[in-house]
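Each chain is listed here by its residues.
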Amino acid sequence: MATADWLQNAGVNLLVPAVAAGVSAGVTNVLLMLGTNDSRNGVTAATFVANMNSIIAYIKTQIAGVKVYVNVPPFVDPVRAGAPFTVPGLTIQDSYVAQIQSLAGANVFVGDQTGQSFFAQHDADMLSDGVHPNDTGASVLGGLWAKGFIVASQQGYGSAGGVVANVIVGTKFIRRF
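Quick rundown of the overall build of the protein? Include the residues and the values.
Tallying secondary structure elements over the protein gives eight helices and four strands in all. Each helix (α) and strand (β) of the protein, taken in turn from the N terminus, gives the series α-α-β-α-α-β-α-α-β-α-α-β. For the protein, the computed accessible surface area is about 8,200 Å², with 57% contributed by carbon and sulfur atoms.

Run through the environment of Q116, naming residues and quoting values.
Along the chain, the position of Q116 falls in helix 7 (residues 115-126). Beyond its immediate sequence surroundings of up to four residues, Q116 is in contact with V72, P73, P74, F75, Q93, D94 and V97.

With reference to specific residues and values, describe the packing of helix 2 (residues 15-25) against helix 4 (residues 45-62).
Relative orientation of the contacting elements helix 2 and helix 4 amounts to 35°, with a least axis distance of 10 Å. Crossing hand, helix 2 versus helix 4: right-handed. Along the contact surface, helix 2 presents L15, V16, V19 and V23, while helix 4 presents I55, Y58, I59 and Q62. Of the residues assigned to the contact of helix 2 with helix 4, the class counts are seven nonpolar, one polar and no charged.

Before we move on, can you summarise the environment of A4 with the specific residues and values?
Examined against the element boundaries, A4 turns out to sit in helix 1 (residues 3-6). Looking at A4, the relative accessible area reads 36%, which means it is partly exposed.

Let's hear about the pairing of strand 1 (residues 27-33): which residues, and what values?
With six of seven residues buried, strand 1 lies mostly within the body of the structure. Two strands pair when backbone bridges link them, and strand 1 and strand 2 (residues 67-70) are joined in this way by four bridges, in the parallel orientation. Within strand 2, the residue paired with L32 across the bridge is V70.

I'd like a description of unusual backbone geometry, backed by residues and values.
Of note, the phi angle at N107 is positive, near 60°, even though the residue is not glycine. The class of N107 is partly exposed, set by a relative accessible area of 30%.

Outline the packing of helix 4 against helix 6 (residues 87-100), listing residues and values.
Running from N to C, helix 4 and helix 6 point in directions that differ by 45°, and their axes come no closer than 9 Å. Looking at the two axes, helix 4 sits oblique to helix 6. Note that helix 4 runs across helix 6; the crossing there is right-handed. Judged by residue contacts, A45, F48 and V49 of helix 4 engage S95, Y96, Q99 and I100 from helix 6. For the contact of helix 4 with helix 6, a count of residues per class yields five nonpolar, two polar and no charged.

Describe in detail the nonpolar core, supporting the description with residues and values.
Counting residues in each nonpolar core, the largest one holds 29 residues, and the members touching the most others are L32, M52, I55, I59, V68 and V70. Only helix 2, strand 1, helix 4, strand 2, helix 6 and strand 3 (108-110) provide two or more residues apiece to this core. Setting aside residues up to four positions removed in sequence, I55 forms contacts with T3, W6, L7, L15, L32 and L34. With eight residues, the next largest nonpolar core counts M33, F75, M126 and L127 among its residues.

Report on helix 6, specifying residues and quantitative values.
Residues separated by three or four positions in an α-helix point in the same direction, a consequence of the helix having 3.6 residues per turn. In this model helix 6 runs 20 Å from its N-terminal to its C-terminal C-alpha over 14 residues, within 8% of the 20 Å that 1.5 Å per residue would give. Within helix 6, the full set of buried residues consists of G89, L90, Q93, Y96 and I100. All buried residues of helix 6 fall inside an arc of 100° around its axis, so they share one side. Exposed residues on helix 6 whose side chains face more than 90 degrees from its buried face are V87, P88 and A98. On its buried face, helix 6 sits against helix 3 (36-40), helix 4, strand 2, helix 5 (78-81), strand 3 and helix 7.

How would you explain helix 7 if you had to name every residue and give the values?
When the terminal C-alpha atoms of helix 7 are compared, their 11 Å separation across twelve residues is substantially less than the 16 Å that a helix rising 1.5 Å per residue should span. Of all the residues in helix 7, the buried ones are G115, Q116, F119, D123 and M126. Take helix 7 and look down its axis: the buried residues cluster within an arc of 105°, on one side only. Summarising the geometry of helix 7, the exposed residues directed more than 90 degrees from the buried face are Q121, A124 and D125.

Definitions and limits used
- Residues numbered from 1 in each chain as written.
- Predicted model: local features only at pLDDT ≥ 70, side-chain atom pairs only at ≥ 80, totals over all residues.
- Heavy atoms only, no water.
- Helix = DSSP H or I, 4+ residues; strand = E, 2+ residues; numbered from the N terminus.
- Areas by Shrake-Rupley, 256 points an atom, 1.4 Å probe, with all protein chains shown as cover.
- Contact = heavy atoms within 4.5 Å.
- Axes fitted to C-alpha atoms, helices over the stretch in contact; angles between N-to-C directions.
- Left-handed = near helix turned anticlockwise from the far one by under 90°.
- Nonpolar A, V, L, I, M, F, W, Y, C, P; charged D, E, K, R; others polar.
- Buried < 20%, exposed > 50% of the residue type's maximum accessible area, 1.4 Å probe, protein only.
- Pairing = 2+ DSSP bridges.
- Parallel < 35°, antiparallel > 145°, perpendicular 65-115°, else oblique.
- Core = buried A, V, L, I, M, F, W, Y, C linked by side-chain atoms within 4.5 Å.
- Expected span 1.5 Å × (residues − 1).
- Arc of directions from axis to C-beta.

Without other data, these values stay purely geometric and don't point to any function.
Set out below in structure tokens:
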């Protein structure tokens, strides 16, 4: 799924039920990692940021006091992943990484920023198909996301306490822990 699939006006409209589940679960922190499918689809950085701002705004209007942490999308190996992941698509994804900083603001924080470079160096060992992490890669990625969340929290960005919801597009799940 791409960021447009999470928007309120999209035909798929994943955001409303995901946020409703978060409200029911008492979620206080949301971790977002989006952008891989956007880059595959050639979505510009400006559209990606606009979509992310819309997603974040909706989450913040529905969950009072929520803290949103945005992680950079992980590396995609265009050789192993094949079409439609291309080198130009990865250039687009790189432009998202630069723009993710612009999303930070009131109760919105940049989480992990290291996953992309780490997976670029270890993709053969960590990515099952050049896109999706294998079991080891999923464990490493989860650790990187957790570290980004903790570091952002310790830098005065608010408490890491409370219920956390991971909204992960590739695997479509919400998990409480």
